[in-house]
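Structure at a glance
Next come the chains, spelled out residue by residue.
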Amino acid sequence: MDATGEDHGDRDSPAPFRRLVFYIPGYDPFPARRYREIYRREGAAQAAVSGYRLAIRPRAGSGYGWHVSAVIGRPAETEIEVLVWSDLVKGSMQPGVAGTYALLVRTAWLYLASGALRRLVGLRKGPMIAALYPAVALILQALLALGLAWGMLRLAAPLPWGLGWGLAALVAVGVLEGFRQLDRYLLVYYLMQDYGYATAERGAWPPDLAARLDHFRARLHGAMLSGVDEVLLVGHSSGVQLGVTVLADLIRQGLPPGAPALGFLSLGQAVPMVSFLPRATRLRGDLAFLSAASQVTWVDVSAPGDGCSYALCDPVAVTGVAPPDRRWPLVLSAAFSQTLRPETWKALKRRYFRLHFQYIHAFDRPGDYDYFAITAGPVTLADRFRGRAASASRITRACSPYRDIA
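Analysis parameters
Residues numbered from 1 in each chain as written. Predicted model: local features only at pLDDT ≥ 70, side-chain atom pairs only at ≥ 80, totals over all residues. Heavy atoms only, no water. Patch = residues over 30% accessible without salt bridge, like charges linked within 9 Å, V, L, I, M, F, W, Y side chains within 5 Å. Areas by Shrake-Rupley, 256 points an atom, 1.4 Å probe, with all protein chains shown as cover. Salt bridge = Lys/Arg side-chain N within 4 Å of Asp/Glu carboxyl O. Helix = DSSP H or I, 4+ residues; strand = E, 2+ residues; numbered from the N terminus. Buried < 20%, exposed > 50% of the residue type's maximum accessible area, 1.4 Å probe, protein only. Expected span 1.5 Å × (residues − 1). Arc of directions from axis to C-beta. Pairing = 2+ DSSP bridges. Axes fitted to C-alpha atoms, helices over the stretch in contact; angles between N-to-C directions. Contact = heavy atoms within 4.5 Å. pLDDT = per-residue confidence, 0-100. Phe/Tyr/Trp six-rings, centres within 6.5 Å; stacked < 30°, edge-to-face > 60°. Left-handed = near helix turned anticlockwise from the far one by under 90°. Nonpolar A, V, L, I, M, F, W, Y, C, P; charged D, E, K, R; others polar. Polar contact = N/O pair within 3.5 Å; in protein donor to acceptor, adjacent residues only side chain to side chain.

The grouping of Leu 132, Val 136, Ile 139, Leu 140, Leu 143 and Leu 146 at the surface amounts to a nonpolar patch, some 570 Å² of accessible area in total. Mapped onto the elements, Leu 140 comes out in helix H5 (residues 125-155). The exposure class assigned to Leu 140 is exposed, which follows from its relative accessible area of 52%.

Below, the structure is given as structure tokens:
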């Protein structure tokens, strides 16, 4: 073992397993190094719990990522790259107070008028409560601002008419702007802009995002020519639907002869929030295509304790586009209440947004889902879950009001 904690093993031992991992974050304006720090910290914690070795070092080459050396039964070498779209996220978060309220009206109208809202509520109430939170909070903030403005108007009654109204307007604007400045704690504007971006084209990909997905596909296509043992795409939250389109296009393009094993690990997905919308024909077509593809292994992991995801909802089946020859996804539960110690679960169960990221954190009692063993261990996703039955409590009833595909 060297000074970094990496075990190089015997010189005569078999060559280490080699993997390329591509990670697509959700709607997140933070830089990619956030995910490196989570992986470094939580990987060390998981290695200590599970009794294996994990060492991280900087990664050479283009793109942002890191290198992982692991000994989990046998050595494995993994390159992890974050497929960055945080710049698009930040660009979409420009609207101020007025722009965000206009976004609220447009987004709410789309979900109501399309019939998607009623179907989504009937599917899982947790993520719809999370979706309604920014809308309700913005309305309450507006009511408070108007109430305080009305109070100022009453107090300023002896003053000239124009001055009184001016002071009332300043109070209202000040209250609303104050709430916006506190959004790092409240996450109201952030979530509203998240839902607004997803619905900007009524379910179709915005042009700038579609171009970025083409770039992601090109990165994966290059990886399929690299000679590694496995190429694994990981999508989290909103990154799941992006991963579906990237992989569907990659497979349609054609994989090279002798290509490595191809895996797709989707975590905490909220696919129905987009696939139930009227113009999500491309996403629905990609879901149907990928679900029948023999060239990929797709494992979907969620947990009922994650109120921000459509937990255990088969994204293909609930969208109503499952073909007769469907293979995927294999829907599994991370079972937070069982894989975390009671004290850990108690501390986290009300921290809804932190729980939404638990999939890429350490578990106290990991079952067959161990993010670090999956991404850095010497076993492909296909072999790890071969013969594994889907969760008995998964939801497969078709609920989408739109099922046409492109």
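In this section: helix H6 (residues 161-181). Between its first and last C-alpha, H6 extends 30 Å over 21 residues, near the 30 Å set by a 1.5 Å rise per residue. Inspection of H6 places Gly 164, Ala 168, Ala 172, Val 175 and Leu 176 among the buried residues, and these make up the whole buried set. Down the axis of H6, the smallest arc covering the buried residues is 100°, so these residues share one side. Across H6 from its buried face, at more than 90 degrees, point the exposed residues Leu 170, Val 173 and Gln 181.

As a further point, take the sheet that holds strand E2 (residues 53-58). Read across the sheet, eight strands follow the order E2-E3-E4-E1-E5-E6-E7-E8 without closing on themselves; strand pairing throughout is mixed. Each of the sheet's edge strands pairs with one partner strand only, and the pair in question is E2 and strand E8 (330-333). Each strand axis lies, on average, 20° off the axis of its neighbour in the sheet, ignoring direction. Judged from the five bridges that link them, strand E6 (residues 261-267) and strand E7 (residues 297-302) form a sheet pairing that is parallel. Considered in E7, the bridge of Gly 263 is made with Thr 297. Where helix H1 (residues 33-50) meets the sheet, its contacts fall on strand E1 (17-24), E2, strand E3 (64-72) and strand E4 (74-82), and the angle it forms with E3 comes to roughly 10°. Running over the sheet, helix H10 (residues 239-253) touches E1, strand E5 (230-236), E6 and E7 and is turned about 160° from E6.

Across the chain, pLDDT averages 92, with 97% of residues at or above 70. Low confidence marks residues 1-11, where pLDDT is under 50. Its contacts with residues over four positions away, or in another chain, come to twelve contacts.

Throughout the structure, instances matching the rule amount to 14 aromatic pairs. Taking the centre distance of 5.9 Å and the plane angle of 40° together, the rings of Tyr 27 and Tyr 190 count as tilted. Placement of the pair is Tyr 27 in the loop between E1 and H1 and Tyr 190 in helix H8 (residues 188-198), with a sequence separation of 163 residues. Each ring, one from Phe 363 and one from Tyr 369, has its centre 5.9 Å from the other, and the planes form 90°; the classification is edge-to-face.

Their axes nearest at 9 Å, the elements H10 and helix H12 (residues 281-291) cross at an angle of 65°. As for how H10 packs across H12, the hand of that crossing is left-handed. For the pair formed by H10 and H12, the contact residues are Gln 241, Val 244, Thr 245, Leu 247, Ala 248, Asp 249, Ile 251 and Arg 252 on the first element and Arg 282, Leu 283, Gly 285, Asp 286, Leu 287, Phe 289 and Leu 290 on the second. Grouping the amino acids of the contact of H10 with H12 by side-chain chemistry returns eight nonpolar, three polar and four charged.

Turning our attention to the side chain of Arg 59. The residue Arg 59 is located in the loop between E2 and E3 in this model. At 3.1 Å, the side chain of Arg 59 and the side chain of Glu 79 are in polar contact. Within the structure, the side chain of Arg 59 is placed 3.2 Å from the side chain of Glu 81, a separation counted as a polar contact. For Arg 59, the residues in contact, after removing those within four places along its chain, are Tyr 64, Gly 65, Trp 66, His 67, Glu 79, Ile 80, Glu 81 and Arg 219.

This brings us to the pairing of E2. Note: E2 against E3, six bridges, orientation antiparallel. Looking at the pairing, Arg 57 lines up with His 67 of E3. Taken together, E2 and the strand that follows it, E3, pair antiparallel across an intervening segment of five residues, in which Gly 61 is found at a positive phi of about 100°.

For the rest of this paragraph, the subject is the environment of Arg 394. Position of Arg 394 relative to the elements: it lies in the segment after helix H18 (381-384). Using a relative accessible area of 34% as the deciding quantity, one classes Arg 394 as partly exposed. Residues Arg 394 and Ala 347, spaced 47 residues apart in sequence, show a C-alpha to C-alpha distance of 26 Å. In this structure Arg 394 touches Leu 312 and Val 331, once residues within four positions along its chain are discounted.

Our focus in this paragraph is the pattern of salt bridges. Note on pairing: side chains with opposite charge can pair once their charged atoms come close. What the rule picks out here adds up to 21 salt bridges. Between Arg 40 and Glu 37 there is a salt bridge whose closest N-O contact spans 2.7 Å. In this pair, Arg 40 and Glu 37 are both assigned in helix H1, three residues apart and thus about one turn of the helix distant. A salt bridge links Glu 201 to Arg 279, with the nearest nitrogen and oxygen atoms 3.5 Å apart.

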